[in-house]
Amino acid sequence: MSDIIRRDPRAEWIARNRLHPLHAAMQPAQSSWMGPNGLMRRNVHGVGFIGPNGIKRIDRSGAQQGGAVKRSAAAEVQLPLHQVPQPAFYICVAPDMVGGRLSSHDRDLLGLAHQLAGQSGAVLAVVFGEHKESAFTTAGVDRLLVLEGSEFSGYSPEQRVQGLRAVNNQFNPRHWLLPDSRSGGGELGRRFAASLGERPATRVWQVKDERCIGRAGAGQEDISRPLARLILAAAECAEPVSETRHEALPVELSTSVARSLPRIEDLGAVAVDPAMIPMAEAEFIFSGGNGVKDWDLFHRTAAALGATEGASRVAVDDGFMGRDRQVGASGTWVTARVYVAVGISGAIQHLQGIGACDKVVAINLDPGCDMIKRADLSVIGDSAAILAALIDAVETHRHGAKQDAA
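Residues numbered from 1 in each chain as written. Predicted model: local features only at pLDDT ≥ 70, side-chain atom pairs only at ≥ 80, totals over all residues. Heavy atoms only, no water.

- An unreviewed UniProt entry annotates the protein as Electron transfer flavoprotein subunit alpha/FixB family protein originating from Pseudomonas folii.
- The annotation that UniProt attaches to the protein under Sequence similarities (unreviewed entry) is "Belongs to the ETF alpha-subunit/FixB family." (UniProt positions renumbered as here; feature names shortened; annotations may be inferred.)

Dropping the structure here:
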């Protein structure tokens with residue numbers, strides 16, 4: 001087990017927000033008290049925390065950043081459970097589930113659905129095929145309907161429309177919410193609206209006072225219209241659910257989904273050169289910084305992993321990577337599922353640019369740098385040795401897979 005102290009930005013925010021239901025639980029143990037003679041006593045040993053260099057620090061914000069008290073409170077306290085035993089109505093959400101998991105766009109959509117549901121409604125998530133998501137409860141899902149079957153796998157918009165129509169007939173939701181994205185939600189939502197004969201509200205970025213506001217004119221204008229039953233929402237349409245747990249109770253359809261006459265043949269995924277994928281759309285980014293000394297090895301590792309290459313501003317300024325590969329607030333904001341940072345210390349502009357990434361892996365020599373604190377998985381060591389070992393592991397895995405297939 002690593003002894004590196006990791007920050008929890010969400011716990012720190014709760015400790016500062018007095019209106020949050022977990023604010024009291026996130027406060028550190030009492031460090032001062034009134035003595036028997038009316039004098040204030042202070043526990044000098046209980047204030048502050050030990051920094052990464054072994055120096056004792058004093059945190060006057062009350063969050064006790066990195067302190068043991070905060071970590072134990074965060075581990076013991078659970079979010080309050082939001083239950084809807086008898087829903088008065090349903091708000092149905094059909095998330096994209098790219099890679100079998102909820103994306104940040106999907107979570108924003110569930111946050112909007114939770115706002116529309118209020119206290120008496122329930123959010124029903126409709127998922128097609130197998131998934132790998134285990135955090136439906138913290139994402140705001142009250143009821144979960146999984147439509148399994150090979151007919152829903154791959155690119156099958158017509159069959160998925162049939163599934164949504166079956167859900168619509170059984171639950172008669174007050175609103176349908178789908179992501180207006182390139183990952184399938186935008187097309188599926190428009191096909192579904194055409195099959196129902198309804199006019200959807202598209203590119204919606206705000207719902208307020210029974211009206212929805214959507215982008216138009218290449219994103220330069222807003223269109224306000226009455227709240228539609230079918231909403232195709234853009235990213236950041238609402239804050240994701242973060243203050244409650246939900247039951248995510250499984251539900252089933254009472255009838256089977258009608259089979260549609262297949263007019264579209266799915267030929268499977270097409271191999272794409274990772275270097276040709278725009279940074280803003282890449283799912284797997286392998287990024288290098290000032291700590292990379294062997295750039296040939298870096299490129300070979302990215303090719304072995306099949307990842308899109310990125311770089312920090314320092315690496316771009318030094319001429320090791322092109323300007324279009326720069327990640328950060330002064331470069332490209334990325335939303336990768338996996339972001340690997342090699343030799344990047346973690347400047348504030350770079351951390352802003354990767355804020356929407358799901359999983360961050362850091363390879364660095366400095367265990368106290370900001371990128372290590374941000375990372376979900378950290379590897380401390382020389383980048384050249386780690387990358388060489390990573391290439392060997394990938395080749396061994398692929399060679400074993402070929403032998404098993406033979």
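Past the structure itself, the notes keep going.
Observations concerning the overall build of the protein
Part 1: Regarding its fold elements, the protein presents 11 helices and 20 strands.
Part 2: A buried classification covers 42% of the 406 residues belonging to the protein.
Part 3: The long-range fraction of contacts in the protein, counting pairs at least 24 apart against all pairs at least 6 apart in sequence, stands at 60%. (Helix = DSSP H or I, 4+ residues; strand = E, 2+ residues; numbered from the N terminus. Buried < 20%, exposed > 50% of the residue type's maximum accessible area, 1.4 Å probe, protein only. Contact = heavy atoms within 4.5 Å.)

Structural notes on the nonpolar core
Part 1: Judged by nonpolar contacts, the single largest core of 30 residues is most densely connected at Phe-136 and Leu-177.
Part 2: Secondary structure elements with two or more residues in this core: β6 (90–93), α3 (104–117), β7 (122–128), α4 (136–139), β10 (201–208) and β13 (230–233).
Part 3: For Phe-136, the contacting residues outside a window of four places in its chain are Met-97, Leu-102, Val-127, His-131, Val-141, Leu-144 and Ala-248.
Part 4: Counting residues in each nonpolar core, the second largest holds 25 residues, with Phe-152, Leu-178, Leu-232 and Val-257 among its members. (Core = buried A, V, L, I, M, F, W, Y, C linked by side-chain atoms within 4.5 Å.)

Considerations on the sheet that holds β6
Part 1: Spatial strand order, β12-β11-β10-β13-β9-β6-β7-β8-β15: nine strands in an open sheet with mixed pairing. The sheet is open, and its two borders are formed by β12 (221–226) and β15 (249–250), each paired with just one other strand.
Part 2: With four bridges joining them, β6 and β7 adopt parallel strand pairing. Among the inter-strand pairings, Tyr-90 is bridged to a residue of β7, identified as Ala-122.
Part 3: Against the sheet, α3 contacts β6, β7, β9 (175–179), β10 and β13, and its axis sits at roughly 165 degrees relative to β9.
Part 4: Helix-sheet contacts for helix α5 (residues 157–171) involve β6, β7, β8 (143–147) and β9, and the interaxial angle to β7 is about 155 degrees. (Pairing = 2+ DSSP bridges. Axes fitted to C-alpha atoms, helices over the stretch in contact; angles between N-to-C directions.)

Quick word on unusual backbone geometry
Part 1: Here the phi dihedral of Asn-172 falls at roughly 45 degrees; this positive angle occurs in a residue that is not glycine.
Part 2: Examined against the element boundaries, Asn-172 turns out to sit in the loop between α5 and β9.
Part 3: Looking at Asn-172, the relative accessible area reads 57%, which means it is exposed.

Let's talk about the packing of aromatic side chains
Part 1: Counted under the stated rule, the structure contains six aromatic pairs.
Part 2: Between Trp-176 and Phe-192, the ring centres sit 5.0 Å apart and the planes meet at 75 degrees, which makes this aromatic pair edge-to-face. Of the two residues, Trp-176 sits in strand β9 while Phe-192 sits in helix α6 (residues 185–196), which places them 16 residues apart along the sequence. Summarising the burial analysis for this pair, Trp-176 and Phe-192 share the class buried. (Phe/Tyr/Trp six-rings, centres within 6.5 Å; stacked < 30°, edge-to-face > 60°.)

Comments concerning the environment of Pro-274
Part 1: Mapping Pro-274 onto the fold places it in the loop between β15 and β16 (284–288).
Part 2: Measuring from C-alpha to C-alpha, the distance between Pro-274 and Phe-284 comes to 8.8 Å, with 10 residues separating the pair along the chain.
Part 3: If we skip the residues at most four places from it in the chain, Pro-274 touches Gly-306, Ala-307 and Thr-308.

Topic: the pattern of salt bridges
Part 1: In this structure the tally under the stated criterion is 13 salt bridges.
Part 2: Residues Arg-313 and Asp-317 are paired through a salt bridge, measuring 3.7 Å at the closest nitrogen-oxygen approach. Residue Arg-313 and its partner Asp-317 are located together in helix α8 (residues 313–317), separated by four residues, close to a single helical turn.
Part 3: Between Asp-324 and Arg-325 there is a salt bridge; the shortest N-O distance is 3.8 Å.
Part 4: Given a relative accessible area of 13%, Arg-325 falls into the buried group.
Part 5: Salt bridges linked by common partners bring Arg-313, Asp-317 and Arg-323 together as one network. (Salt bridge = Lys/Arg side-chain N within 4 Å of Asp/Glu carboxyl O.)

Some words on the environment of Gly-310
Part 1: Secondary-structure assignment places Gly-310 in strand β17 (residues 308–311).
Part 2: When the C-alpha atoms of Gly-310 and Ser-287 are compared, they prove to be 4.1 Å apart, with 23 residues separating the residues in sequence.
Part 3: With residues up to four places along the chain from it excluded, the contact list for Gly-310 reads Met-279, Ile-285, Phe-286, Ser-287, Gly-288, Phe-298, Met-321, Arg-325 and Val-327.

What about the side chain of His-350?
Part 1: Locating His-350 in the fold gives a position in helix α9 (residues 348–353).
Part 2: Its relative accessible area of 4% is what places His-350 among the buried residues.
Part 3: Within polar-contact distance, the side chain of His-350 engages the backbone oxygen of Val-327 at 3.1 Å.
Part 4: Within the local environment of His-350, its side chain forms a polar contact with the side chain of Tyr-339, the two groups lying 2.7 Å apart.
Part 5: Those residues in contact with His-350 that lie beyond four places of it in its chain are Ser-287, Ala-311, Ser-312, Val-327, Gly-328, Tyr-339, Ile-344 and Met-371. (Polar contact = N/O pair within 3.5 Å; in protein donor to acceptor, adjacent residues only side chain to side chain.)

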